[in-house]
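# Understanding the architecture of this molecule
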Amino acid sequence: KAGVTQTPRYLIKTRGQQVTLSCSPISGHRSVSWYQQTPGQGLQFLFEYFSETQRNKGNFPGRFSGRQFSNSRSEMNVSTLELGDSALYLCASSLGSNNEQFFGPGTRLTVL
Amino acid sequence: DQQVKQNSPSLSVQEGRISILNCDYTNSMFDYFLWYKKYPAEGPTFLISISSIKDKNEDGRFTVFLNKSAKHLSLHIVPSQPGDSAVYFCAATNSGTYKYIFGTGTRLKVLA
């Protein structure tokens, strides 16, 4: 069974630009979560989608948004990029609540 | 507001000895806890989990202990191996919130 895939793996953008990251979950997984990882901050929860519905979101500004498609693939978008948005963005999929999450390798975003 | 805390940023252990990684949480509504291992340039990998109705769960060399009254969980690795060297994250969730809160991680180094 193929794992969680994320594209692109690396991205360099400049301040003010916007970016879209993509995540394909494990086949059969309908829950997709997004996290931001920065040094010393651990993994910060961004949002979770299930069957195209956002069920929860973390404490991030509205510049961070996401969506999920009918095939469970998910995208997250960050608009008006700031230097502080430089981070590793991780996507995780699971069968549902109280199930382990399976993570992709992440997208390393650098904002210059 | 860090609801899940890993107060030791790093830990060094001799090969063959026990590694004990600790995690504290503040939210008494958390009812499911997980441990993940992360190697550089990879996403976190699920290790072991425990429900709040249990106080111990074992899987091979890995055992997780949960002390609900102290709001504390720990991961024991016995015996420790050099391949266990990685960053370990604990995570917690409240069923139905679809949101996992991660600690900031502990870097484990197992010395050969």
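Above this text is the structure in question.
Residues numbered from 1 in each chain as written. Chains lettered and ligands numbered in written order. Predicted model: local features only at pLDDT ≥ 70, side-chain atom pairs only at ≥ 80, totals over all residues. Heavy atoms only, no water.

## Remarks on the state of the cysteines
All names here are of chain B. Where we set the bar: By convention in this document, the label disulfide applies to cysteine sulfur atom pairs within 2.5 Å. Runs of E in the DSSP output that reach at least two residues are strands. Runs of H or I that reach at least four are helices, and both are numbered from the N terminus. When accessible area is computed with a 1.4 Å probe and restricted to protein chains, residues below 20% of their type maximum are described as buried, those above 50% as exposed, and intermediate ones as partly exposed.
Counted by the stated rule, this structure contains two disulfides over all chains. A sulfur-sulfur distance of 1.9 Å marks the disulfide that ties C23 to C90. Between C23 and C90 the disulfide shows an S-S torsion of about 65°. By sign, it is right-handed. Pair noted here: C23 is in strand β3 (residues 19-25) and C90 is in strand β9 (residues 86-93), with a separation of 67 residues, a long-range link. Judged by its relative accessible area of 1%, C23 falls in the buried class.

## Quick word on the interface of chain B and chain A
Quick reminder of the rule: Whether two residues are in contact is decided by their heavy atoms: any pair within 4.5 Å suffices. Buried area, as used here, totals the accessible surface that two parts lose on assembly, with accessibility defined by a 1.4 Å probe and the loss added over both. Whenever a carboxyl oxygen of Asp or Glu lies within 4 Å of a side-chain nitrogen of Lys or Arg, that contact is scored as a salt bridge. Pairs of N or O atoms are called polar contacts if they sit within 3.5 Å, as long as, within protein, a hydrogen donor faces a hydrogen acceptor (for residues adjacent in sequence, only side-chain-to-side-chain pairs).
Between chain B and chain A, the residue contacts involve 22 residues of the former and 25 residues of the latter. Both sides together, the interface formed by chain B and chain A hides about 1,800 Å², and carbon and sulfur atoms give 55% of it. Among the residues of chain B in contact with chain A, Y98, Y100 and F102 of chain B are the three that bury the most area, contributing 35% of the side total. Applying the counting rule to chain B against chain A returns zero salt bridges. At the boundary of chain B with chain A, the tally comes to two residue pairs in polar contact (both at pLDDT 80 or more). Elements with a contribution of two residues or more to the side of chain B that touches chain A: β4 (32-38), β9 and β10 (100-102) of chain B. Considering each element in turn, the side of chain B that touches chain A owes the most residues, four residues, to β4 of chain B.

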